[in-house]
Amino acid sequence: MSFLQNIKAELERRNLLTILLVVNVSVFLLLNVSQHILSIDLSPYLALTLNPKEFLFKFWTIFTYMFSHENLGHVFYNMLLFYFSARTFLNFLPEKKLLYVYVMSGLMGGLFLL
């Protein structure tokens, strides 16, 4: 199997890991297309703010920051590490636990950052 055929086969499975990878890459593409082509910067509305007063008015960023990536290297290495660690995780626990760990890790990381 070639590299592109492996990617196609992985996307056809539509498991939770693939969905999370596609959502992360899609949000990355949305942010970059809107910023560089449309000249609309969406990152202040999706990235987690470090100002607690500003966070009160952008409370949804505690969820959306998990899917926001700054540049191509950031999204590539994060998704590469996530893919291999999630594959190992799924060898021991079900997909439902993967979603729980992904969301709770993101929430706890955001709370610690705040």
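Predicted model only: the values in this text are computed from it and were never measured.

Looking now at the environment of N78. Residue placement: N78 occurs in helix α6 (residues 72–92). Note: C-alpha distance between N78 and N24 (54 residues apart in sequence) is 9.6 Å.

In this section: the pattern of salt bridges. When charged atoms on two side chains of opposite charge get close, those side chains can pair. Inspection of every chain in the model, using the stated rule, returns 1 salt bridge. Among the ionic pairs, E54 bridges to K58, the shortest N-O distance being 3.2 Å.

Attention shifts here to α6. The terminal C-alpha atoms of α6 lie 31 Å apart, and with 21 residues this matches the ideal 30 Å at 1.5 Å per residue to within 8%. When we look at burial in α6, the residues that qualify are V75, M79, F82 and A86. Along the long axis of α6, the arc covered by the buried residues comes to 65°, so they all point the same way. Those residues of α6 that are exposed and angled more than 90 degrees off the buried face are Y77, L81, N91 and F92. Structurally, α6 contributes buried residues whose contacts are with α2 (16–36) and α7 (95–113).

A few words on the nonpolar core. Side chains that are nonpolar tend, in soluble globular proteins, to be buried together. In terms of nonpolar packing, the biggest core is built from 11 residues, these being L16, L17, L20, L21, F28, V75, M79, F82, A86, L98 and Y102. Counting residues per element, the ones that place at least two in this core are α2, α6 and α7. Non-local contacts of Y102, meaning those with residues more than four positions away in its chain, are made with L20, N24, M66, F67 and F82.

A few words now on the side chain of T49. You can see T49 is positioned in the loop between α3 (43–46) and α4 (52–57). Given the relative accessible area of 12%, T49 is considered buried. Ignoring anything within four residues of it in the chain, the contact list for T49 reads E54, F55, T61 and L114.

Parameters at a glance
- Residues numbered from 1 in each chain as written.
- Predicted model: local features only at pLDDT ≥ 70, side-chain atom pairs only at ≥ 80, totals over all residues.
- Heavy atoms only, no water.
- Helix = DSSP H or I, 4+ residues; strand = E, 2+ residues; numbered from the N terminus.
- Salt bridge = Lys/Arg side-chain N within 4 Å of Asp/Glu carboxyl O.
- Expected span 1.5 Å × (residues − 1).
- Buried < 20%, exposed > 50% of the residue type's maximum accessible area, 1.4 Å probe, protein only.
- Arc of directions from axis to C-beta.
- Contact = heavy atoms within 4.5 Å.
- Core = buried A, V, L, I, M, F, W, Y, C linked by side-chain atoms within 4.5 Å.

Fair warning: the whole summary comes from geometry, so function is off the table for now.
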